[in-house]
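Inside the fold
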Amino acid sequence: MDFLVEVKNVTKAYKNVSVLNDVNLKLSAGEVLGLVGGNGAGKTTLIRLITGMTKQDSGEIKLLGDSPANTAIHAGSLIEGPCVYGYMTAYDNLRYYGSLFGYCDKDRLKELLNIVGLWEERNKKVRHFSTGMKQRLGIAIALLGEIRVLLLDEPYNGLDADGVSELEGLIREIADKEKVGVIITSHIISELLKVCDRYMLMKAGTVVSEFTHEEVYEHAGDAAEAEAYIISRLGGAD
Amino acid sequence: MKNFIRASNIKLLKSSAVRIGCVVLFAIASLGNLIFYGALKILTGDIIEKAGGYDTDMDAFRDINMLDAGAIALSLMQVLSLVIAIVVTVHIANEKRNGVYSFISARGYSRFHIYADKLYESTIMSFVMYLSYTAGAVLSGAFFWHGDITGEMILGFIIMFITVALLYIAAGYIFTAIAINIKSGGAAIAINIVIVVIFSALVTIVDKSLWEDKIVLRSWWLFSAIEQYAYLEMTIKEIFIVLANAVIYGLGAAFAGGKIYAKSEMK
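Residues numbered from 1 in each chain as written. Chains lettered and ligands numbered in written order. Predicted model: local features only at pLDDT ≥ 70, side-chain atom pairs only at ≥ 80, totals over all residues. Heavy atoms only, no water.

1. As for the overall build of chain A
When its secondary structure is counted, chain A shows nine helices and nine strands. For a compact globule of 238 residues, the expected C-alpha radius of gyration is about 18 Å, and chain A comes in at 18 Å, within 12% of that figure. For chain A, the C-alpha atoms occupy an extent of roughly 50 × 40 × 35 Å along the three principal directions. Burial status across chain A gives 53% buried among its 238 residues. Relative to all contacts within chain A whose residues are 6 or more apart in sequence, the contacts with residues 24 or more apart total 67%. Taken as a whole, chain A presents about 10,000 Å² of accessible surface, with 46% of it coming from carbon and sulfur. Between the centroid of the 26 positive side chains of chain A and the centroid of its 34 negative side chains there is a distance of 7 Å. (Helix = DSSP H or I, 4+ residues; strand = E, 2+ residues; numbered from the N terminus. Rg over C-alpha atoms; globule rule 2.2 N^0.38 Å. Buried < 20%, exposed > 50% of the residue type's maximum accessible area, 1.4 Å probe, protein only. Contact = heavy atoms within 4.5 Å. Areas by Shrake-Rupley, 256 points an atom, 1.4 Å probe, with all protein chains shown as cover. Lys, Arg positive; Asp, Glu negative; His and termini not counted. Charge placed at Lys NZ, Arg CZ, Asp CG, Glu CD.)

Put into structure tokens, the structure is as follows:
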């Protein structure tokens, strides 16, 4: 099977401090992979390496079978918040990035705004948007182009319960309908349980455990037990 | 790059900072001429001559036309330099803070593309704001004076307009090079303001100390050259000096800024 993302034995350090240590990861089409870990686990660094924003010290990363430098155009990302211009409307923000990435077909822009539920607010300036609306616009921007991989770093930050629920539905729809491979990072496990097919637990730059959603529920009866199980697997890896 | 230019045009057309900058500069130029007109009506020739210090050419104040007024306004342009510095720097600082460059880089675009795009945006912003200031100066000058205008004056004004425009575009490249490479937006604004105000003052002090009545260093410091050469009868030598300033400072800043940016870690 061809994987959308392959990370093999990757190591990364910043100023002699190890951030990632011998990390391996594979992502298939239509799969939602949750990266779980606390602050400093290396989740964001791993996402940045996959997009080619920064380079690993050793190991290999393949994005769509090639180096991220060549294929990053097909990877949408939402890392550390949406990059939107407050003085422009939602539609103009999408049109700006669409022009930048070479995808400014009006029908597609309309489709994307409909997918994220912002078509009715398209002429509203983004400075008047709620955090959740900005996050959804950020996802619409991330989906511009022929996206095969979507990388979402802590996308639930700042969202209320309704916003989280909407975003979870959206992510699942993107993976199921468009067969986009999604990597989503969060330190809030309960959010990931509703949307992920597989989980990769990270601690201090190392992958400590990996299992599918089904495997979690072999050891847990409900969401609370599933969360406790994952926490135990994360905390027990000292 | 075509994609970047198209996208930048969308952004700049919507930019409230650029629009406000243009309105403010149009108003400042018009207000400047209003005050000047009022002062000429109120003040006597003796006072103007005393204010001038020595050998003040009173005819210069009695025989003004709209192009003279435009040129006079354009010679008092430190405020224009400051507004351009602030608008360009704030524009880049906001984009850095919002993670726009990291996001664009994550889509596979190089730092060269990003930097070249910023230079393009700075060119447009600097020129548009300069145009607004000039329009304010000339239109208000026409309202208050008009006067007799010859074809030679129009040609002189066009030459001056184009050469000084190049100086402002070069200034924009300096501001861009600093804004994109300095981590803190506040620090970048401060550095750009210091360059415009403090350095120019120092150059003037050194120039006057060493060469008294001659203008030597001020011809070769970009922000002083703007003020020195904004008049209608520029000689070929003076045009050359202005163009040399634009090339040295503009291309120098663009090159140096790009080199530093290419080597630094993406924020």
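2. Describing the interface of chain A and chain B
Taken together, the contact pairs 30 residues of chain A with 26 residues of chain B. Together, the buried faces of chain A and chain B total about 2,400 Å²; carbon and sulfur atoms form 59% of this surface. Inspection of the region where chain A meets chain B yields one salt bridge. With its nearest N and O atoms 3.3 Å apart, the salt bridge here joins Asp92 of chain A to Lys14 of chain B. (Buried area = accessible area lost by both parts, 1.4 Å probe. Salt bridge = Lys/Arg side-chain N within 4 Å of Asp/Glu carboxyl O.)

3. With respect to the side chain of Glu238 of chain B
Residues and elements named next belong to chain B. Within the element layout of this structure, Glu238 appears in helix H13 (residues 236-263). The side chain of Glu238 sits in the buried core without any salt bridge; Lys237 is the nearest counter-charge, 7.6 Å away. Looking at Glu238, its side chain comes within polar contact range of the main-chain nitrogen of Thr235, at 2.8 Å. (Polar contact = N/O pair within 3.5 Å; in protein donor to acceptor, adjacent residues only side chain to side chain.)

4. Some words on the environment of Gly156 of chain B
All names here are of chain B. The topology assignment puts Gly156 in helix H9 (residues 151-181). A residue is classified by how much of its surface remains accessible, and Gly156, at 9% relative accessible area, is buried. Between the alpha carbons of Gly156 and Met234 there is a distance of 7.3 Å; along the sequence they are 78 residues apart.

5. A short note on helix H8 (residues 111-144) of chain B
In a regular helix each residue adds 1.5 Å, so 34 residues correspond to 50 Å; H8 of chain B covers 49 Å between its end C-alpha atoms and thus fits that length. Immediately downstream of H8 of chain B, the backbone of His146 of chain B shows phi near 65°, a positive value. (Expected span 1.5 Å × (residues − 1).)

6. Thoughts on the pattern of salt bridges
For the structure on display, the rule yields 18 salt bridges over all chains. Across the pair Asp92 of chain A and Arg95 of chain A runs a salt bridge whose closest N-O atoms are separated by 3.5 Å. Taken together, the residues span about one helical turn, with Asp92 of chain A and Arg95 of chain A both in helix H3 (residues 90-101) at a distance of three residues. The residue Asp117 of chain B makes a salt bridge to Lys118 of chain B at a minimum N-O spacing of 3.5 Å.

7. Remarks on the sheet that holds strand E4 (residues 58-63) of chain A
What links the strands of a sheet is backbone hydrogen bonding, and the strands pair in either a parallel or an antiparallel sense. Residue and element names in this part refer to chain A. If you trace the three strands from one edge of the open sheet to the other, you get E2-E1-E4, paired in antiparallel fashion. Each edge of the open sheet is held by one strand with a lone partner, namely strand E2 (17-27) and E4. Between one strand and the next, the sheet's axes are offset by a mean angle of 25°, whatever the strand orientation. Where strand E1 (residues 5-14) meets E2, seven bridges bridge the pair, whose relative direction is antiparallel. In the strand pairing of E2, Ala13 is matched with Ser18. Strands in contact with helix H1 (residues 43-51) are E1, E2 and E4; relative to E1, the strand with the most contacts, it is inclined by about 120°. (Pairing = 2+ DSSP bridges. Axes fitted to C-alpha atoms, helices over the stretch in contact; angles between N-to-C directions.)

8. A word on the sheet that holds strand E7 (residues 181-186) of chain A
All names here are of chain A. Pairing is mixed across the open sheet formed by six strands, whose spatial order is E5-E6-E7-E3-E8-E9. Edge strands, defined here as strands with exactly one partner in the open sheet, are strand E5 (75-78) and strand E9 (206-212). Ignoring strand direction, the axes of neighbouring strands in this sheet form an average angle of 15°. Here strand E3 (residues 32-36) pairs with E7 via five bridges, running parallel. Across the sheet, residue Leu35 finds its bridge partner in E7, namely Thr185. The strands touched by H1 are E3, E5, strand E6 (149-153), E7 and strand E8 (198-203); relative to E7, the strand with the most contacts, the crossing angle is about 150°.

9. Things to note about the confidence of the model for chain B
Per-residue confidence for chain B gives a mean pLDDT of 84; residues scoring 70 or more make up 84%. Among the scores for the predicted complex, ipTM is 0.82 and pTM is 0.84. (pLDDT = per-residue confidence, 0-100.)

10. Re the environment of Tyr261 of chain B
Inspection of the secondary structure assignment puts Tyr261 of chain B in helix H13. Taking the C-alpha atoms as reference, Tyr261 of chain B lies 29 Å from Leu202 of chain B; in sequence the two are 59 residues apart.

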